[in-house]
Amino acid sequence: MNLVALNIDSIQLGHPLPFVLRGADGTLLAQKGYVIRTRAELDSLVSRGLKLCVDTDESGESHRAYLAQLQKMLLSDTSLGQIAAMTMQAGAQAGRERGGKYVPDWSELQLRATQLLRSPLAVDFEGRFQSLHSELARNCEQTPDATLLALIYLSAQETRMYSATHAMLVGCVCMVVAREMLRWPDARVLQVGSAALTMNIAMTELQDQLAQQSQPLTSQQIVAVEDHASRSEQLLRRLGVADPVWLEAVLCHHHRSPGPLAKKSEAQQMARLVQRADIFGARLAPRVARSPMPVTAAMQASYYDEEHRVDEAGAALVKTLGVYPPGAFVRLATQEVAVVLRRGATATTPRVAVVMNRDGMPTGEMIPRDTSQAAWKITGVVAYRDIRVQLPLDRLLALV
């Protein structure tokens, strides 16, 4: 541990910390991504840790960036007042450059989304929400396969930050489907992403609790779940959201309303797409009491409507993501198990990488396979619980 003292004035209030904050003795004071909102809260941390420090061994990139910025200001004859006022910026992006390509920090995005949705305040909600939403929207547009892979993969194992991870997955699925398949204009793509990200904002903490709960829901919890759409819409109004389409989509996202999208209003179309993506994401996610469902079951649930007919929004979702979307695990004709990296030329021929050989043993290095060839044809899906190898998300994303 290599602790370096920080001036408390270098920490931006209302922005996610770009580093782990520690006391002078190394005590953890705040995780990376935590938002310190007021000076009083910052003073409280100082009183607990006596001196605020950053461990450059675990937060090297942020600290090096800070020092580089300081050195640049000194060399350019910047006034002492400006230097004294310099803050260590968290930035609008949670990620880094690798090989000239931007790589999101998904764990930091999970933390930011969790904190935003659990404890929204009108004073800073708009800025924090737009920062998160803009980054997710950019990822969906520029690297849709990597974005889907990250969120589907995380959703199959996340229970602590379930609600925020689910919201990000549903939001990104909706934006990708809206842009690529439904051909909605950019403004509507962003609107449906906003609605999906905030659909459960009034029950974020309860959702996280239920993901950890093995007992049946209490009567009070059932009521909270059943009326969460209207409470979420009301909360968004109090937080300053005035977009009527966004608000109506949140209000209606649990309505059972099958039928052609053309016969629905814009808000109702968005609500229907959010509902289908919500169903898909919920079935992928684990609970303490059950394992995540296979991806094909999640796809089927969103594909058919309440009358057991093909749902237009659900069909658009399946056609966009493919039968085997990025982040799913599949078995090949060779009996090898592979992870789907990106969508292919057809819905059933994605690009994959083998992670377990035909004997069920980890391969060590992930081996690319072309599933359009008969020898490596996909024969079925593999449940996440049957994957006996730990795959760092960064390694998977590097192959996309």
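Next up on the list: the confidence of the model for the protein chain. Mean pLDDT for the protein chain: 86, with 86% of residues reaching 70 or above. Mean pLDDT values for the elements of the protein chain range from 47 in helix H3 (residues 80–84) up to 98 in helix H12 (residues 244–251). Counting interchain partners and residues more than four positions distant, the pLDDT-below-50 stretch residues 83–93 has 33 contacts.

The biggest cluster of nonpolar side chains holds 88 residues, and the ones touching the most others in it are Trp-106, Leu-136, Val-173, Phe-280 and Leu-317. Among the nonpolar cores identified, the runner-up in size contains 13 residues, and Ile-11, Leu-21, Leu-52 and Val-54 belong to it.

The subject of this paragraph is the packing of helix H5 (residues 125–142) against helix H8 (residues 186–198). Relative to each other, H5 and H8 sit at 115°, their axes nearing to 11 Å. Read as a crossing pair, H5 and H8 show a hand that is right-handed. Note on element contacts: H8 touches H5 through Leu-190, Gly-193, Ser-194, Leu-197 and Thr-198, opposite Phe-125, Phe-129, His-133, Leu-136 and Ala-137. Classifying every residue of the contact of H5 with H8 gives six nonpolar, four polar and no charged.

Looking at where Lys-264 falls in the secondary structure, it is placed in the loop between H12 and helix H13 (266–284). Residue class for Lys-264 comes out buried when judged on its relative accessible area of 13%.

Before going further, it helps to spend a moment on empty space enclosed by the protein. For the structure on display, the rule yields three cavities of 30 Å³ or more. Within this model, the largest cavity holds a volume of roughly 150 Å³. What lines the largest cavity is a set of 14 residues, and nearest its centre among them are Ala-156, Met-293, Val-295, Val-382 and Tyr-384.

For helix H6 (residues 144–155), with twelve residues, the first-to-last C-alpha span of 16 Å sits near the 16 Å given by 1.5 Å per residue. Taking burial as the measure, the twelve residues of H6 include twelve buried ones, the bulk of the element. Taken together, the buried positions of H6 are Pro-144, Asp-145, Ala-146, Thr-147, Leu-148, Leu-149, Ala-150, Leu-151, Ile-152, Tyr-153, Leu-154 and Ser-155.

Before going further, it helps to examine unusual backbone geometry. A positive phi angle, close to 60°, is found at Arg-183, a residue other than glycine. Its place among the elements puts Arg-183 in the loop between helix H7 (162–180) and H8. For Arg-183, a relative accessible area of 65% corresponds to the exposed category.

Counted as a void, the largest pocket has a volume near 840 Å³. What lines the largest pocket is a set of 30 residues, among which Val-225, His-254, Asp-278, Ala-282 and Arg-287 lie closest to the centre. When contributions to the lining of the largest pocket are tallied by element, the ones reaching two or more residues are H7, helix H9 (204–212), helix H10 (219–226), helix H11 (228–238) and H13. Among the elements that line the lining of the largest pocket, the one with the most residues is H13, at six residues. The residue makeup of the lining of the largest pocket, split by class, is twelve nonpolar, nine polar and nine charged.

Calculation rules
Residues numbered from 1 in each chain as written. Predicted model: local features only at pLDDT ≥ 70, side-chain atom pairs only at ≥ 80, totals over all residues. Heavy atoms only, no water. pLDDT = per-residue confidence, 0-100. Helix = DSSP H or I, 4+ residues; strand = E, 2+ residues; numbered from the N terminus. Contact = heavy atoms within 4.5 Å. Core = buried A, V, L, I, M, F, W, Y, C linked by side-chain atoms within 4.5 Å. Buried < 20%, exposed > 50% of the residue type's maximum accessible area, 1.4 Å probe, protein only. Axes fitted to C-alpha atoms, helices over the stretch in contact; angles between N-to-C directions. Left-handed = near helix turned anticlockwise from the far one by under 90°. Nonpolar A, V, L, I, M, F, W, Y, C, P; charged D, E, K, R; others polar. 1 Å grid on protein atoms, 1.4 Å probe; cavity = no way out; pocket = protein on both sides within 12 Å on 5 of 7 lines; lining within 4 Å. Points joined across faces, edges and corners; volume = space filled by probe spheres on them. Expected span 1.5 Å × (residues − 1).

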